[in-house]
Amino acid sequence: MSKTIIMLSICCFPRRYLMILQFHIFVILLLFSARECTMPEASQEGLLHSFKSYSDIAMFHYTVPKEVLRANWQFAAFMDRQDCPERKVHIYLQWGSFPVISVNNDTFPDDMYPKRNHTIVLSAVTTFEPKTTAIVPVYGPEAGDWFVGAYLSYWDEKVQQQGLGHKCHYSIGSVAIWTQTNSIENIPIGYQHTLRTKESTSYYKIYIPSGTWNFRVDIWGCNYTVHNSHNIHESCIKSIALKGRSLPIFNHSDPTELKNLTMINSYTFTESSPYEDSYYYLMIISDSVIEVSVKVVISECPIRITEKSFVRQYLDAPSFSKALAQLHMKDLTKHRSHRIEDEEKNNESFYNESDFRITDENFDDPCVPRYQLARIKHSQTFSGVYLLQGREWLTSWIMLTDIHPVITQFNILPLVDIGGTLDISAHLEMYKIATRQLVEVKLCVQRGRVPNRVKGNIVCEDSKMSMNLSSSNKHDGTLLIPYPQPDTWYITLDATCYFNGKPVNCEMEEILVSLDIRTRQCVFPGNYPCGHHGICQEIHRDILYYTTCKCFEGYKGWGCTDATSAKLESSLLMATLMLTLSNGFFIPAIYLAVRRGLYTEGLVYLATMLFSSLYHACDQHVMTYCVAKYEVLQYSDFFSSILAFWVTLVAMAEIPIRFVSLCHMFGVLIIAFGVESNRTSLTSILVPLGMGIMIPMGTYAYRCFQLKRWKKPNGISKLLAGLTLATTGLLLFSLVETEANYQYVHSAWHMIIAISLIFLLPPSRLEQVGSSGNSFSDDSELLDYKDPPGSPIFTVSSGQENLVIATN
């Protein structure tokens with residue numbers, strides 16, 4: 001009986017999209033019997049972003065159960081408005097761990113192996129209405145965690161304040177549907193068993209325990225149970241297949257998968273390197289109900305526990321070079337049989353032959369020593385170390401001989417260990433004075449099962465997952481695996497000695513190899529996990545936790561090592577100087593404010609110049625100089641910039657002095673609250689500016705009301721020039737500035753705003769009073785009022801009769 005399980009994931013959809021997808025799921029549920037279905041599970045994820053670093057990827061997580069015949073993933077990408085430009089969405093589907101994504105053929109660091117098994121890549125286009133969907137069927141998926149990473153193609157995004165115009169938002173929805181097969185019959189190990197099919201396609205499972213070296217499945221004696229009149233030479237079984245960890249799927253269009261089995265024929269499956277502690281699934285396809293005999297025979301190779309004799313006294317010596325000189329050397333002419341005989345005598349307590357017996361005489365593949373490495377977890381995330389464990393010690397050193405290879409194994413845990421980098425490093429402790437022979441050690445790394453053997457020799461399926469160490473030129477090797485998939489990982493070590501280019505018996509009794517296996521954040525060890533051109537980011541999304549490198553200075557790639565688009569140091573220095581030195585255009589405004597007696601305005605302009613320069617000097621990734629925390633400098637820059645607008649508007653109003661301090665403090669409180677609430681929001685700028693503009697406009701309107709007529713302000717040309725410059729700067733800042741032209745446009749913004757202050761600042765009060773000859777009989781004094789000492793203008797008493805206005 002089959003069961004269909006459905007999982008729904010919605011990413012920030014409008015309500016109508018949610019209803020549409022729920023309707024689609026309802027239709028799917030109707031296609032199956034009610035007793036075979038479960039209700040969908042819904043969740044929400046983040047928005048889609050253009051790819052600048054791995055932190056911009058929207059990540060989905062699924063848990064696929066065991067024994068699933070087929071899983072379908074359906075994706076739909078949306079945008080929140082119809083006038084938004086369509087964007088291309090890239091989707092990666094990966095089992096076990098986070099997908100390794102390379103955008104625009106970005107390179108990976110040396111010694112890194114980014115290849116994954118069965119990574120599915122597809123693309124979609126964002127739409128306003130759910131018109132198209134991308135469907136990905138996966139037949140016989142492996143059980144466990146599945147991850148989907150999605151991102152948008154990069155474009156030069158506009159840098160704009162929140163609330164200034166509409167910013168398009170993109171999202172992606174995902175529906176996962178899978179059909180699960182239940183009640184699969186188990187085939188026991190070690191004795192004959194009869195299988196009886198129930199359907200045209202029948203599945204059976206075989207549990208392979210840990211410590212299995214190889215196994216064989218014999219199938220024979222096929223008989224019909226319904227019709228006995230069939231010819232014995234006719235196909236009793238149409239096709240048969242065996243697969244580890246997931247259900248095999250029969251492809252009717254592929255004739256190579258046909259394995260016809262008659263009533264008198266037999267078939268044998270042999271797995272020389274099986275998945276351990278896992279199920280193997282046997283598929284039998286027949287046009288009729290049949291019975292067939294099957295027997296599973298395994299060969300054991302138990303995982304050893306190291307004895308004290310494994311570690312010699314020289315392992316505790318302070319100097320390995322001195323210890324190696326004390327090793328016993330052998331004559332090169334000694335026959336190999338004598339070498340083997342001596343080794344068996346010296347290591348009798350270590351190599352117990354009873355541990356490596358073969359349980360079936362038909363297997364001729366001898367077992368080799370296997371050791372489980374202990375996982376030592378450190379306090380920092382993704383900082384585990386794997387060491388060889390004895391009863392009373394831990395070590396990274398492994399002793400080899402040329403008699404047989406040694407296999408070590410360790411476990412990468414799901415979700416816990418997959419978010420960093422698996423670093424496998426090996427060091428051959430060998431000096432030329434120790435032996436006249438050339439010693440080579442070959443290491444092979446493989447996930448899931450032990451590497452295959454041919455006539456006792458280890459065969460590495462992928463050459464990039466191997467390391468070759470030599471006593472002559474290469475003592476060290478490193479292999480980096482990003483986001484390792486959870487499983488049991490195996491490392492084989494095989495030593496061979498050469499003399500005059502020919503393999504000979506090793507004259508050294510033991511060959512020492514240090515195996516340093518650890519997981520770490522990002523890529524590299526030490527204080528620079530992303531090198532000198534990037535920073536390591538830690539990303540938390542619900543139960544998902546992983547690290548990634550964010551590159552700067554134009555560098556790219558997984559470890560910020562790709563310098564093909566790197567910026568020159570001179571251009572980076574020029575950009576930093578432009579953003580910092582462009583604030584020097586505030587100096588004329590500061591000088592003019594002090595010259596005219598506007599000391600508060602001059603102080604605010606000076607603070608704006610200093611804070612903006614220090615903030616942009618700290619905001620750079622190269623030649624960074626921070627006198628305080630980045631957040632403090634950013635707050636100070638935003639606060640002083642808006643305050644500069646405010647004090648300028650107050651000065652333009654030319655209100656009586658006793659009201660100036662009140663307006664200044666009111667502005668400080670409003671601006672401080674707005675910037676602290678959200679310094680990147682448009683509200684934090686528009687509210688103070690809107691209230692500040694009302695001060696000079698209200699003052700001007702009041703004076704015109706007192707004059708009973710409208711009169712043009714003095715210096716109208718300077719006012720218009722200043723307003724034009726300020727408006728131009730605001731338009732550049734709000735509409736033109738993008739991530740690519742940021743340093744140029746923002747520097748121009750600094751200069752234009754600073755120059756506009758020169759035109760907007762009013763003349764000094766004493767100059768205004770002096771130019772009018774201390775007379776208040778002229779009508780223009782009402783519009784250019786400076787509140788000279790003793791002036792009764794705008795002096796308000798308790799009575800109406802005490803309101804005095806200077807007129808002709």
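Conventions used here
Residues numbered from 1 in each chain as written. Predicted model: local features only at pLDDT ≥ 70, side-chain atom pairs only at ≥ 80, totals over all residues. Heavy atoms only, no water. UniProt positions renumbered as here; feature names shortened; annotations may be inferred. Helix = DSSP H or I, 4+ residues; strand = E, 2+ residues; numbered from the N terminus. Buried < 20%, exposed > 50% of the residue type's maximum accessible area, 1.4 Å probe, protein only. Contact = heavy atoms within 4.5 Å. Areas by Shrake-Rupley, 256 points an atom, 1.4 Å probe, with all protein chains shown as cover. Axes fitted to C-alpha atoms, helices over the stretch in contact; angles between N-to-C directions. Parallel < 35°, antiparallel > 145°, perpendicular 65-115°, else oblique. Left-handed = near helix turned anticlockwise from the far one by under 90°. Nonpolar A, V, L, I, M, F, W, Y, C, P; charged D, E, K, R; others polar. Salt bridge = Lys/Arg side-chain N within 4 Å of Asp/Glu carboxyl O. Polar contact = N/O pair within 3.5 Å; in protein donor to acceptor, adjacent residues only side chain to side chain. Pairing = 2+ DSSP bridges. Expected span 1.5 Å × (residues − 1). Arc of directions from axis to C-beta. Core = buried A, V, L, I, M, F, W, Y, C linked by side-chain atoms within 4.5 Å. Disulfide = S-S within 2.5 Å. Phe/Tyr/Trp six-rings, centres within 6.5 Å; stacked < 30°, edge-to-face > 60°. Lys NZ or Arg CZ within 6 Å of the ring centre and 35° of its normal.

Looking at an unreviewed UniProt entry, one finds the protein named EGF-like domain-containing protein, with Xylocopa violacea as its source organism. Word for word, the UniProt comment on the protein under Subcellular location (unreviewed entry) is "Cell membrane". Heading Sequence similarities (unreviewed entry) of the UniProt record for the protein holds this comment: "Belongs to the TMEM8 family."

Q: Would you mind going over the overall build of the protein with me for this structure?
A: From N to C terminus, the protein includes 13 helices and 35 strands. The buried share of the protein, taken over its 808 residues, is 50%. Pairs at least 24 residues apart make up 78% of the contacts formed inside the protein by residues separated by at least 6 positions. Here the protein has roughly 39,900 Å² of accessible surface; of this, 56% comes from carbon and sulfur atoms.

Q: Just checking my understanding: could you explain the packing of helix H7 (residues 630-653) against helix H11 (residues 742-760) for this structure?
A: Angle between the axes and distance between the axes: these two values describe a pair of packed helices. At a minimum axis separation of 11 Å, H7 and H11 run at an interaxial angle of 15°. The angle between the axes of H7 and H11 places the two elements in the roughly parallel class. Taken as a pair, H7 and H11 cross one another with a handedness that is left-handed. Of H11, the residues touching H7 (which contributes Phe645, Thr648 and Met652) are Trp749, Ile753, Leu757 and Leu760. Here the residues of the contact of H7 with H11 sort into 6 nonpolar, 1 polar and no charged.

Q: Hey, could you run me through the environment of Ser463 in this one?
A: Within the element layout of this structure, Ser463 appears in the loop between strand S27 (457-459) and strand S28 (466-470). According to the relative accessible area criterion, Ser463 is exposed, its value standing at 58%. Considering only alpha carbons, one finds Ser463 and Val445, 18 residues apart in sequence, at a separation of 9.6 Å.

Q: Could you clarify how one ought to interpret the UniProt feature "transmembrane region" (unreviewed entry) in the protein in this entry?
A: When the UniProt feature table is mapped to this numbering, "transmembrane region" (unreviewed entry) covers residues 572-591, 632-652, 681-703, 715-736 and 742-761. Summarising residues 572-591: 80% helix, 0% strand, and an end-to-end C-alpha distance of 31 Å. In the segment residues 715-736, helix accounts for 95% and strand for 0%; the C-alpha atoms at its two ends are 31 Å apart.

Q: Just to check I follow, could you spell out the environment of Asn182 for this structure?
A: Take Asn182: it is sitting in the loop between strand S8 (170-181) and strand S9 (185-186). When the C-alpha atoms of Asn182 and Lys66 are compared, they prove to be 9.3 Å apart, with 116 residues separating the residues in sequence.

Q: So what exactly am I meant to see when it comes to the pattern of salt bridges here?
A: Any two side chains of opposite charge can pair, on the condition that their charged atoms come close. Summed over all chains, the structure comprises 13 salt bridges. Measuring nitrogen to oxygen at the nearest pair gives 2.5 Å for the salt bridge that ties Asp487 to Arg245. Taken as a pair, Asp487 in strand S30 (residues 487-499) and Arg245 in the loop between strand S14 (239-244) and strand S15 (261-262) lie far apart in primary sequence, 242 residues in all. A relative accessible area of 18% means that Arg245 is categorised as buried. Here the salt bridges do not stand alone but share partners, grouping Glu142, Arg245, Arg447 and Asp487 into one network.

Q: Would you take a moment to explain the side chain of Thr401 for this structure?
A: Take Thr401: it is sitting in the loop between strand S22 (397-400) and strand S23 (406-412). A distance of 3.4 Å separates the side chain of Thr401 from the backbone nitrogen of Ile403, its partner in a polar contact.

Q: Even after reading the chapter, I still don't get the sheet that holds S14, so can you show me in this structure?
A: By definition, the strands of a sheet pair up through backbone hydrogen bonds, in either a parallel or an antiparallel sense. Strand order in this open sheet of 4 strands is S9-S11-S17-S14, and the pairing throughout is mixed. On the outer flanks of this sheet lie S9 and S14, each paired with one strand and no other. Inspection of the sheet shows strand S11 (residues 201-208) paired to strand S17 (residues 278-285) by 8 bridges, in the antiparallel sense. Paired with Tyr203 across the strands is Met283, a residue of S17.

Q: Which parts of the structure should I look at to understand helix H9 (residues 683-707)?
A: Structural remark: α-helix, 3.6 residues per turn; residues separated by three or four positions point the same way. Its 25 residues give H9 an end-to-end C-alpha distance of 36 Å, which sits within 8% of 36 Å, the value for a rise of 1.5 Å per residue. Listed in full, the buried residues belonging to H9 are Ser684, Ile685, Pro688, Leu689, Gly692, Ile695, Pro696, Thr699, Arg703, Cys704, Gln706 and Leu707. Immediately beyond the C-terminal end of H9, within one or two residues, lies Lys708, with a positive phi of roughly 65°.

Q: Before we go on, may I ask you to explain helix H5 (residues 586-595) in this structure?
A: Among the residues of H5, Phe586, Ala589, Ile590, Leu592 and Ala593 are the ones counted as buried. For H5, the arc enclosing every buried residue in end-on projection is 165°, short of the 170-degree limit, so these residues lie on one face. Structural note: H5 exposes Tyr591 and Arg595 on the side pointing more than 90 degrees away from its buried face. As for H5, its buried residues are in contact with helix H6 (599-618) and H11.

Q: Teacher, can you tell me more about the nonpolar core here?
A: Generally speaking, soluble globular proteins have nonpolar side chains that are buried together. Ranked by size, the top nonpolar core spans 59 residues in total, and within it Phe410 and Ile511 carry the most contacts. Of all the elements, S30 adds the most residues to this core, at 5 residues. When near neighbours in sequence (up to four residues on either side) are disregarded, Phe410 contacts Gln372, Leu373, Tyr386, Leu422, Ile424, Asp487, Thr488, Trp489, Ile491 and Ile517. Leu48, Ala77, Ile91 and Leu93 belong to the second-largest nonpolar core, a separate cluster that totals 30 residues.

Q: Is there a simple way to explain the state of the cysteines in this structure?
A: Note on terminology: disulfide describes a covalent bond linking the sulfur atoms of two cysteines. For the structure on display, the rule yields 9 disulfides. Across a sulfur-sulfur distance of 1.8 Å, Cys497 and Cys506 are joined as a disulfide pair. On the S-S bond that ties Cys497 to Cys506, the torsion sits near 105°, and the link is right-handed. Accessibility expressed as a relative area gives 2% for Cys497, which makes it buried. Here Cys506 falls in the buried class, since its relative accessible area comes to 2%.

Q: Honestly, the environment of Ile303 in this entry has me stumped. Any pointers?
A: Topologically, Ile303 is positioned in the loop between strand S18 (290-300) and helix H2 (320-325). The exposure class assigned to Ile303 is partly exposed, which follows from its relative accessible area of 28%. Once the C-alpha coordinates of Ile303 and Gln372 are considered, the two residues, 69 residues apart in sequence, prove to be 6.6 Å apart. Setting aside residues up to four positions removed in sequence, Ile303 forms contacts with Ser210, Arg370, Tyr371, Gln372 and Gln409.

Q: What exactly am I supposed to notice about the sheet that holds strand S12 (residues 212-224) here?
A: On the basis of which strands lie adjacent, the open sheet formed by 4 strands has the order S10-S18-S12-S16 and antiparallel pairing. Strand pairing shows two members of the sheet lacking a second neighbour, strand S10 (193-196) and strand S16 (267-271), which therefore form its edges. Each neighbouring strand pair of the sheet contributes to a mean axis angle of 25°, computed without reference to strand direction. Note: S10 against S18, 4 bridges, orientation antiparallel. From the neighbouring strand, Thr194 faces S18, where its bridge partner is Ser293.

Q: Looking at this model, I keep getting lost on the packing of H6 against H7. Mind explaining?
A: Where H6 contacts H7, the two axes come as close as 8 Å, and the packing angle between them is 150°. When the axes of H6 and H7 are compared, the pair comes out roughly antiparallel. In this structure, H6 meets H7 at a crossing whose hand is left-handed. Contacts from Glu601, Val604, Tyr605, Ala607, Thr608, Phe611, Ser612, Leu614, Tyr615 and Cys618 of H6 reach H7 at Tyr630, Leu633, Gln634, Ser636, Asp637, Ser640, Ser641, Leu643, Ala644, Val647, Thr648 and Ala651. For the contact of H6 with H7, the residue count by class is 13 nonpolar, 7 polar and 2 charged.

Q: Quick question: what am I supposed to make of the packing of aromatic side chains here?
A: Here the structure, examined in full by the defined rule, presents 26 aromatic pairs. An angle of 75° between the planes, with centres 5.7 Å apart, marks the rings of Tyr62 and Trp73 as edge-to-face. Taken together, the positions of Tyr62 in strand S2 (residues 58-64) and Trp73 in strand S3 (residues 68-79) put the pair 11 residues apart, joining distant regions of the chain. The class for Trp73 is buried, based on a relative accessible area of 0%. Between the aromatic rings of Tyr615 and Tyr630, the centroid separation amounts to 5.7 Å while the plane-to-plane angle is 40°, which identifies the pairing as tilted. Residue Tyr615 is found in helix H6, and its partner Tyr630 is found in helix H7; the two are separated by 15 residues along the sequence. With a relative accessible area of 7%, Tyr615 lands in the buried category. Put simply, the rings of Tyr54, Phe98, Phe108, Phe147, Tyr483, Tyr546 and Trp558 pair up and form one aromatic cluster. Just above the ring of Tyr279 sits the side chain of Lys205; from NZ or CZ to the centre is 4.9 Å. Above the plane of the ring of Trp213 lies Arg453, whose end atom (NZ or CZ) is 3.9 Å from the centre.

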